[in-house]
Amino acid sequence: MAAMQTNPLRAEVSVLVNISAVQHADPDIQADLPIGLSIKVRVLEQLPGDTSITCWTIFPKGLPVSTSAVIDTAQTVSKLQSSSTVYSFQKEGVERVVICANDTDVIVSCVYYAAALPKELPETWVRTTQFSYLPVHEIASALGPAQCRAIPFVHSLNGRDITSLPFFTDKKTWLSCSKMVEVPALEDFGEADESSSNIITADVIQQARDPLVAVYTKKGDDFKRSELENQRVHKFLNNKSTLLKLLPPTEDAFVLHVKRAALATLLDKTAHIVQPDLGPYTNYGWSSVDGKLVPVPSTQPALPDQMSKNISCGCLKGCNRNCSCCRKGIPCYIGCRCQGSENMCSRVKFSVHRMKKAVTLIVTVNAHDPHLFVWRRVEAVSGQEAVLPCEVGSIQPSDMVYVVLWYRNDNKEPIYSYDNRPRRLALQTSEERHTVKSQLLEGRVTFRLGGRVPALHILSVAPTDQANYTCRIDFRIASSRRTHLSLVVVVPPEAPVLRVQGQQATDGVLGPLQEGASLEVSCSVKGGVPHPSVVWLREGQVLDSTIESRSTGMTTIESRSTGMTVNQLRVDQLTRDYHNTKLTCSATNNRITAPLLASVTVTMNLRPLVARLEAPPRHLRVGAEYQLACVVAGSRPHPNITWTLGNAALFTVLPSQTDHGVNTSTSLVVVTGARQQHGQRLTCTATNPLFPASPKQDSTLLNVTYPPVVSLELGRGVSSVVREGEDVYFNCKVDSNPPTYKIAWFRNMRPLVHHPSKGVLVSGNSLALRGITRHQAGPYTCAASNLEGDAHSTSLNLTVNYAPVCEDEAADAGGGVKSASMKTERVVATWLGQEVKVKCQVRASPPSLKYSWIFNNSLTSYRIPGEQVSFTSDGASEVQFVVRTRQEYGTLQCWARNSVGKMRHPCLYHVMPAGRPDPPLDCRVVNKTYNSLTVDCTPGFSGGLAQVFIARVYEAMSKLSEVNVTSETPKFSIEGLTPGLDYVIQVSAKNRLGSSEPTQLVALTYKMAENRISEYLHTI
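What comes next concerns the included structure.

Analysis parameters
- Residues numbered from 1 in each chain as written.
- Predicted model: local features only at pLDDT ≥ 70, side-chain atom pairs only at ≥ 80, totals over all residues.
- Heavy atoms only, no water.
- Phe/Tyr/Trp six-rings, centres within 6.5 Å; stacked < 30°, edge-to-face > 60°.
- Buried < 20%, exposed > 50% of the residue type's maximum accessible area, 1.4 Å probe, protein only.
- Lys NZ or Arg CZ within 6 Å of the ring centre and 35° of its normal.
- Disulfide = S-S within 2.5 Å.
- Helix = DSSP H or I, 4+ residues; strand = E, 2+ residues; numbered from the N terminus.
- Pairing = 2+ DSSP bridges.
- Salt bridge = Lys/Arg side-chain N within 4 Å of Asp/Glu carboxyl O.

### Things to note about the packing of aromatic side chains
Enumeration according to the criterion identifies ten aromatic pairs in this entry. Arranged with centres 5.4 Å apart and planes meeting at 45°, the rings of Phe855 and Tyr862 form a pair that is tilted. A relative accessible area of 1% places Phe855 in the buried class. The structure contains a cluster of three or more aromatic residues connected by ring pairs, namely Trp406, Tyr418 and Phe447. It is Arg774 that lies over the ring of Tyr802; its NZ or CZ is 5.3 Å from the centre.

If you want it as structure tokens, here you go:
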């Protein structure tokens, strides 16, 4: 039955009401809900809020509403369509759902779905009348999820459209009784997410019976919850009315009722599923007759035969000869006021606690005995003492026992007599008052009148003593009283014998057995009258009580039986909880002797239960050692534990050390953090050799932290040899964990910074050089830093090929003094007839060069012939030039070319007549003490010849010469001066053609105290 179906003929009927005012009823009123639960809820005359409510004829999937919707169940195709409205609207995101219904089935379904929603509970109301709104969401919240899940089944048990209605019960009482008992099976039944939740198990039937028994049980009734039949008997005999419909159902009718209630519950709980798979309805107490479903009738009679006699006694206790049951020779039973209970009926209340433990009194009832006697069964073990009690009862103080007679079976003559008459007491001894008339009992029997209960004691009882015995007591005043006893002589069986695969188990240990394997062990018990009960126990709990075979053996009661009773224990699949479990075979055929026991302890080979890494480190530092532990539990025998590093396709087995305990094994492995291990999986695998297909694993992904590993490479398509003016790109590849926080770039170990105007572009791990020059050639490196440290890449040498330039020009441009576009000029001084050698030194890459020389002045210009040009050892070009006339002074131009091209500007050498040098420039005192001065100058033009520099020092006042110093450079350290005097210093240059004009400066030496202060200041 589909819970929801889309109907294309949906139509809006009308707008019911536009609520603009809010009128709240008393929020604390007591509302009796149709489901029989009394709780405090808000019952509103109108819904809160200003909301338009629309009524639809049926529920369509995807209802176009935003804040509220009303479903009128009176007009829907099926009630089940509206029962899942809450579920469906919640999926559509509707905030408020109002369902118009006055049907209990719909309200119960809405309460269930309001609690079963997977998301937050929507605001759900049921409009039962025109001005009554029931808050389903508050009801579900008050009940809680457990009771909401049980309500559909409990409601179905109490009667609805497709289930029976238990007579004379109401839903409120029914629900209250269901809250008194635990019903988890009713809560879980029919849940859509459970694969087997629609199976009617024994737990479902029992938990459905519990509230039913509680409904019919009155205060003071002493019944177990499963005793429906006893309740029917008791209520039939004790109620004034004899209407059968007032009684609890019979067991057969109850089971059929539970099945039909289960079907109704399934229809409720699967209402939101289209075409749920519920199976045939015939599984739920229905049968198909002429294509129609009709309920299956009960086959159990409504009134048992024993109830039709309407015989019972009204004795609360002390049932005696005047009891109506006693007079008619039937036992007291549940229909009596004493309920036939040993705690209430004195006819069956008999204690033998003070007797020997070899005797047990069992009361049995045989209503079909032709003599209508109540025979009391007395058991005795063969060879031991039998005690046959003779009930005296209560007598008057003036009365006394006169004669006690014992009869066997139907014999008219007593087998034993005891004479207690007063006149006999004077004439006979105590032994003479006892008379044994049975040769079978001669010498083995005696009657004891004293004590709590008078009894006949038979020593060394034999199977031949088994018979019916009657004790008659004659009193002086009271009537005679009889006690009917049935003596049963029990022959205990022999001790149980356990066998596994035909072999007797003698050592008390079975196994080791494989987990998941089957187990078969038989328990054979020989003899025993009556036949013994052979039961398998597991830790004191009954495991198997089924007898597989029993051979009769000898059938005579006088001889011990040689029959064999066998109970074969079969366990199809051994689970691990059987390990070290004690299986006991218990054999007994009486309640006197202790059961005979034979036990065996099961030992098993077990698969590993769990493998777990103990607190693996969150990260490993490279180079550090870490010890990891793997604990494996539940394996027997001890597992083999291996450690692997890598993935399933490629891994490395690591050496480890394993210690085995009682139930756990601990394996230790030492891992040294390495960069190659980062991101690899370290796995601990435990394998029991007997279960190779059932390993247990635990693993962790290694997080190794290490300093950066840096490498430098050129961009794609870029060579390490480039031409001047091209663009160059570098990539800095970094492998690090954790990630780097800084990347720096270096050329010649000097840092590079982002300088777009100079063509240097730095962006993270990329470096771009736009329009590279020859001065940017050299080794490049990059460095990366993370929290673990710093690292530099190996250098990558960048070669920039460029056309030749003069060496001075290259040096000046590289140093930043002159521009590379400026011409480099030198002066060569010579005199007529002197031969000079002019050397042209250029820089170029590649250094393979071709030179040419040109002389030029205002009168002429020509190329220097090749015989005047030569190469020096350092690759420079040298020309030999002689000035013979004054018209041959001019300029020599040196041009060079390589594979890149010709130099842009030639190297110029001005050939001019030699002369005296120019004076030194920029002379100044750079340091002074109390007796020394340090002078530094810049050399002037040398006149084309080698020059030296001379410093002359004069005392300023006296004009006397103090010191003369000569140096090849214009730097002088003048010492031996007088402290505190002014001095005049004249610095001049000199070559072989003469001296320059002096450059003069004035200086003052420190006084002694000033000098000490100066030295002190220098020290600090």
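Past the structure itself, the notes keep going.
### Side note on the state of the cysteines
Within this structure, the stated rule accounts for seven disulfides. Each disulfide pairs two cysteine sulfurs, and for Cys390 the partner residue is Cys471, the sulfurs being separated by 1.8 Å. Handedness of the Cys390-Cys471 disulfide follows from its S-S torsion of about -75°: it is left-handed. Residue Cys390 is located in the loop between β13 (386-389) and β14 (401-408), and its partner Cys471 is located in strand β19 (residues 467-475); the two are separated by 81 residues in the primary sequence. Residue class for Cys390 comes out buried when judged on its relative accessible area of 1%. Given a relative accessible area of 0%, Cys471 falls into the buried group.

### Overview of unusual backbone geometry
Most peptide bonds take the trans form, and the phi angle of most residues other than glycine is negative. Between Gly511 and the following residue, Pro512, the backbone shows a cis peptide bond with an omega angle of 10°. Mapped onto the elements of the fold, Pro512 is located in strand β23 (residues 509-514). Despite not being glycine, Asn748 has its phi angle at roughly 55°, a positive value.

### Examining the pairing of strand β62 (residues 961-967)
Pairing geometry for strand β61 (residues 948-955) and β62, over six bridges, is antiparallel. Its bridge partner lying in β62, Arg952 is registered against Asn964. The antiparallel pairing of β61 with β62 creates a hairpin that spans five residues between the two strands, and Lys959 there sits at a positive phi of about 60°.

### Focus: the pattern of salt bridges
Inspection of every chain in the model, using the stated rule, returns 19 salt bridges. Notably, a salt bridge pairs Arg612 with Glu614, separated by 2.7 Å at the nearest N-O pair. Looking at Arg612, the relative accessible area reads 41%, which means it is partly exposed. A relative accessible area of 33% places Glu614 in the partly exposed class. In this structure, Asp735 and Arg675 form a salt bridge, with 2.4 Å as the shortest nitrogen-oxygen distance. Of this pair, Asp735 sits in strand β42 (residues 728-737) while Arg675 is found in the loop between β37 (664-672) and β38 (681-687), placing the two residues 60 residues apart along the sequence. Look at Asp735 and you get partly exposed, because its relative accessible area is 29%. One continuous salt-bridge network, built from bridges that share partners, spans Asp105, Arg160 and Asp268.

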